[in-house]
Amino acid sequence: MRYAMVIDLSRCVGCGTCTVACRAEHGTPAGVSYNKVKKYEVGKYPSAKMKFLPILCMHCQDPACLKVCPTGATYKREDGIVLIDHDKCIGCRACVVACPYESRQFLWDIRNYYPGNLPTPYEMLKQKDFQKGTVVKCNFCLQRLEEGQLPACVVACPAQARYFGDLDDPESEVSRLIADYRGTPFREELGTQPSVYYVKG
Amino acid sequence: MLYWIIIAATVLLSVMAGLVFLKQLRSGLSTTALHDTFNWGLYIQGFFYLSAMAGGILVFVAVATLFEIEAVRRLVEIGAAVSLSCLICAGALIGADLGKPFRGMKILTGKNFASPMTWDFFMLPLCGVLNIVFLLGIIPASGVLKIVWSILCLVAALAYVMIHTLFFLSRVGAGFRSQPFLGLDTLAQSLWGGMALMTLIAVATGIREHNLAGILLILTILALIPIAGSYIVSLTSTGSEVNSKIIFLDTFILLILIATQIVSPQNAFLPALASVLILVAVFLEKSHLMRQYQMSPTVPFPYSQFDEVPSYKPTAAEWMLVLGSLGACVWLSSGIIYLKTLVGGG
């Protein structure tokens with residue numbers, strides 16, 4: 001079993017629903033985003049186009065972040081998901097510097113979404129899991145996977161640009177998409193072997 | 001009198017830095033100018049700087065002990081004290097950077113030896129212990145123990161100095177300053193800075209039996225080789241940048257040292273001036289190293305087209321802590337030497 005995500009770039013419209021869904025699922029403090037959508041332009045006027053690249057933790061099979069973590073706080077499960085044990089994280093930020101995908105964020109502070117006001121009940125409920133001075137990132141919505149659900153960003157995407165499944169199963173949707181549409185990871189040349197693939201379907 | 005003024009000033013600076021440190025313990029890293037795209041700043045730069053100094057001096061101490069160079073024996077003892085102080089202050093800066101310094105002890109149980117930081121965590125204290133052993137007078141002037149101690153010092157110091165080139169390895173892989181001179185540059189800067197500090201101490205204390213300016217000249221040439229190499233690479237590679245101010249400063253130092261050798265090898269002022277400039281040059285080089293890997297967005301163009309270009313301007317609190325650490329090196333070294341004199345009766 002190796003969890004993987006396929007993102008169809010031809011379907012992504014850059015709406016940011018995945019970002020919002022992720023924030024809602026994890027209750028991340030203000031300014032913290034596990035799921036970003038990079039916007040960029042291609043071509044020249046009058047045929048210029050806006051393109052989008054959703055970026056999250058790539059759950060690499062050979063992760064640079066895991067190698068540099070001095071306490072073993074970053075670890076990889078057998079199903080390929082790379083996680084952080086926040087009780088072991090010392091906040092050295094070596095992993096943030098090492099990650100070539102900007103997928104990790106350090107919690108400089110735990111801020112709420114309405115500065116000057118008390119945290120909302122939802123923030124109080126969710127933010128107690130965050131420890132200031134540690135590093136956070138996407139966990140492929142492990143808490144949802146354990147309940148048999150798909151990651152929040154996959155479910156929420158209105159353009160159905162995201163697919164999730166088992167890469168080791170050749171019959172899975174993700175394996176089929178990668179094979180049929182020649183899916184490639186972002187910055188494959190770095191040799192980190194990401195579990196997130198991009199296709200232009 | 002001047003000595004006591006310097007000690008008082010550095011103690012005062014360190015006390016103020018201590019207050020900043022305590023404030024930081026309470027508020028975490030929110031008192032710094034660090035942010036999501038500039039994660040490592042002046043504290044890490046100070047750590048790299050002080051540990052490089054400590055490593056360079058320890059190499060000098062080890063070589064002088066190994067080859068039994070009696071003429072610099074007194075200088076070597078002072079060097080061991082300065083090296084130990086630099087290591088302590090480098091550790092304090094890392095503690096400040098972590099926000100909660102005692103969390104660092106988790107590295108002991110982590111045991112991830114693929115991590116450069118783990119090696120740092122073990123190598124730096126090892127160097128500290130080796131310095132203490134030397135200062136306690138346990139190492140004899142000759143014999144097997146002296147050879148073992150010297151070799152251990154050389155291995156430990158050179159190892160952790162070289163380890164510091166590995167911190168940005170993944171970024172080099174990702175296209176940042178992918179040039180082959182980084183290792184040699186880090187090593188040369190460490191030896192250069194350490195030797196400059198020893199020369200400055202020799203001038204200040206009147207220990208000038210050896211032509212330290214001559215050694216400094218050789219190390220300056222050694223330091224310039226990787227910088228020149230980096231410059232050549234920067235002309236052919238878009239991912240590389242070399243700070244022209246550093247090249248200019250290094251060349252100026254080289255000219256001063258050449259002039260010293262030609263005009264007046266016994267002159268004390270010019271080597272002292274060159275040493276001060278070298279200490280500045282090494283600090284600038286560490287700053288350049290830090291910024292080089294963080295000043296551009298990690299994700300390449302065009303995906304980072306609309307990303308803000310990260311900037312970093314250290315806060316007064318950060319400067320205070322780093323300057324306080326440098327000040328602490330001065331009075332701590334003096335204190336250790338005083339204690340050694342007191343205990344040893346020398």
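Reading the values: the criteria
- Counting from 1, residues in each chain are numbered in the order their sequence is written.
- In the order they appear in the text, chains get letters beginning with A and ligands get numbers beginning with 1.
- Only residues with pLDDT of at least 70 are given local features in this predicted model, and only at 80 or more are side-chain atom pairs given and counted; all residues enter the totals for whole chains, interfaces and linings.
- Exposed residues have 12 or fewer other C-beta atoms within 10 Å of their own C-beta, buried residues have 20 or more, and residues in between are partly exposed; the C-beta atoms are placed from the backbone.
- Numbering of helices and strands starts at the N terminus; helices are DSSP runs of H or I of at least 4 residues and strands are runs of E of at least 2.
- In this scheme, strands are said to pair when DSSP sees at least two bridges between them.
- What counts as a contact here is a pair of residues whose C-beta atoms, placed from the backbone, lie within 7 Å.
- To get an axis, fit a line to the C-alpha atoms, keeping to the stretch in contact for a helix; angles then go from 0 to 180 degrees between the N-to-C directions.
- Confidence of the predictor at the level of single residues is captured by pLDDT, which takes values from 0 to 100.
- Just so you know how the angles are binned, under 35 degrees is roughly parallel, over 145 roughly antiparallel, 65 to 115 roughly perpendicular, and the rest oblique.
- Whether a crossing is left-handed or right-handed is set by the direction in which the near helix is turned from the far one by less than a right angle, anticlockwise for left-handed and clockwise for right-handed.
- Residue ranges for the domains trace back to a domain assignment, done automatically or taken from a database.
- Residue type decides the class: Asp, Glu, Lys and Arg count as charged, Ala, Val, Leu, Ile, Met, Phe, Trp, Tyr, Cys and Pro as nonpolar, and the leftover types, Gly among them, as polar.

The subject of this paragraph is the pairing of strand β8 (residues 162-166) of chain A. Residue and element names in this part refer to chain A. Among the five residues in β8, four count as buried, and that is most of the element. Here strand β1 (residues 3-8) pairs with β8 via five bridges, running antiparallel. Within β8, the position partnered with Met5 by the bridge is Phe164.

Now for the sheet that holds β1 of chain A. All names here are of chain A. In spatial order, the strands read β8-β1-β10-β9; together these four strands make up an open sheet with mixed pairing. The sheet is open, and its two borders are formed by β8 and β9 (184-185), each paired with just one other strand. As paired strands, β1 and strand β10 (residues 196-199) are joined by four bridges and run parallel to one another. What sits directly across from Asp8, in β10, is Val199. Against the sheet, helix α7 (residues 173-180) engages β1, β8 and β10, with an angle of about 115° to β8.

Attention shifts here to the confidence of the model for chain B. Residues and elements named next belong to chain B. Per-residue confidence for chain B averages 88 on the pLDDT scale, and 95% of its residues sit at or above 70. The secondary-structure element of chain B with the lowest mean pLDDT is helix α7 (residues 169-173), recorded at 76, while helix α2 (residues 42-66) shows the highest, at 95. Scored as a whole, the predicted complex attains pTM 0.93, and scored at its interfaces, ipTM 0.89.

What follows deals with the packing of helix α3 (residues 73-98) of chain B against helix α5 (residues 116-135) of chain B. All names here are of chain B. Their axes nearest at 9 Å, the elements α3 and α5 cross at an angle of 150°. Taken together, the axes of α3 and α5 lie roughly antiparallel to each other. As α3 packs across α5, the resulting crossing turns out to be left-handed. Counted together, Ala80, Ala81, Ser83, Leu84, Leu87, Ala90 and Gly91 of α3 and Leu124, Cys127, Gly128, Asn131, Ile132, Phe134 and Leu135 of α5 form the full contact between these two elements.

Residue and element names in this part refer to chain B. Taken domain by domain, chain B holds domain 1 (40-168 + 327-346) and domain 2 (175-292). On the domain 2 side, the residues contacting the 25 residues of domain 1 number 24 residues. Listing elements by their share of the side of domain 1 that touches domain 2, those giving two or more residues are α2, α3 and α6 (144-163). Looking at the side of domain 1 that touches domain 2 element by element, the count peaks at eleven residues for α2. A per-class count over the side of domain 1 that touches domain 2 returns 17 nonpolar, seven polar and one charged.

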